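These are the residues of each chain, in order.
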Amino acid sequence: VQLQASGGGLVQAGGSLRLSCAASGFTFSRYVMGWFRQAPGKQRELVAAITSGGSTNYADSVKGRFTISRDNAKNTVYLQMNSLKPEDTAVYYCAADYYRGYVRLDDGYDKWGQGTLVTVSS
């Protein structure tokens, strides 16, 4: 089982980044995919989640700026981040949770990838 995140980097405030997470070793279409982030000194928080059918959930802090999407044929989930702010600076993690009829909003997901660092400069 592997979740390989990529796409992080340094960007100026107002800029954009696109994160990708390639999944392998499990039946991707049966899992809710989520993006989490953890800033220094803060708890890990859900940024966005998406079901196999495309239903999405977003943290209030990113609504209207971030878009989560997935390509079930490519076993990949994306996070398009626009209008980035310094407070978006964090390590971003992708995670997978077996779909049990609901989307969990806590960090009790079944599978986790390594993080990718996003730094937004002011």
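Below: a short report on this structure.

Conventions we followed
Here, residues in each chain are numbered from 1, in the same order as that chain's written sequence. Given that the model is predicted, a residue must reach a pLDDT of at least 70 before its local features are reported, and side-chain atom pairs must reach 80 or more before they are shown or counted; all residues, however, enter totals for whole chains, interfaces and linings. Remark: hydrogens and water are excluded; side-chain values derive from all non-hydrogen atoms of the structure. Secondary structure elements are defined from DSSP: runs of H or I of at least 4 residues count as helices, runs of E of at least 2 residues count as strands, and each element is numbered from the N terminus. C-alpha atoms define the radius of gyration in this analysis, and the globule rule sets the expected value at 2.2 Å times the number of residues to the power 0.38. Exposed residues in this analysis have more than 50% of their type's maximum accessible area, buried residues have under 20%, and partly exposed residues fall in between, with area computed by a 1.4 Å probe over protein chains only. Whether two residues are in contact is decided by their heavy atoms: any pair within 4.5 Å suffices. Here the open area of atoms and residues is found with the Shrake-Rupley method and a 1.4 Å probe, where only the protein chains shown may cover a residue. Charged-residue counts in this description rest on Lys and Arg as positive and Asp and Glu as negative, His and the chain ends being excluded. The atom standing in for a charge is NZ when the residue is Lys, CZ when it is Arg, CG when it is Asp and CD when it is Glu. In this description, a disulfide is simply a cysteine sulfur pair whose atoms lie within 2.5 Å.

Focus: the overall build of the chain
- When its secondary structure is counted, the chain shows 0 helices and 11 strands.
- Reading the helices (α) and strands (β) of the chain from amino to carboxyl end gives β-β-β-β-β-β-β-β-β-β-β.
- The C-alpha atoms of the chain give 13 Å as radius of gyration, which agrees with the globular expectation for 122 residues (14 Å, within 12%).
- In terms of its C-alpha atoms, the chain occupies a principal-axis envelope of roughly 40 × 25 × 25 Å.
- For the chain, buried positions account for 43% of its 122 residues.
- Sequence-distant contacts in the chain: of pairs separated by 6 or more residues, those separated by 24 or more amount to 58%.
- Here the chain displays about 6100 Å² of accessible surface, and carbon together with sulfur accounts for 44% of that area.
- A gap of 4 Å separates the mean positions of the 13 positive and 9 negative side-chain charges of the chain.

Here we look at the environment of Ala59
- Note that Ala59 resides in the loop between strand 6 (56-58) and strand 7 (66-71).
- Accessibility expressed as a relative area gives 16% for Ala59, which makes it buried.
- Residues Ala59 and Phe36, spaced 23 residues apart in sequence, show a C-alpha to C-alpha distance of 9.9 Å.
- Ignoring any residue separated from it by four or fewer positions in sequence, one finds Ala59 in contact with Leu46 and Val47.

Here we look at the state of the cysteines
- For the structure shown, the criterion picks out 1 disulfide.
- Here Cys21 connects covalently by a disulfide to Cys94, the sulfurs 2.0 Å from one another. Disulfide Cys21-Cys94: torsion about the S-S bond near 45°, hence right-handed. With Cys21 in strand 3 (residues 17-24) and Cys94 in strand 9 (residues 90-98), this pair connects stretches of sequence that are 73 residues apart. Taken individually, Cys21 and Cys94 each receive the classification buried, so the pair is uniform in this respect.

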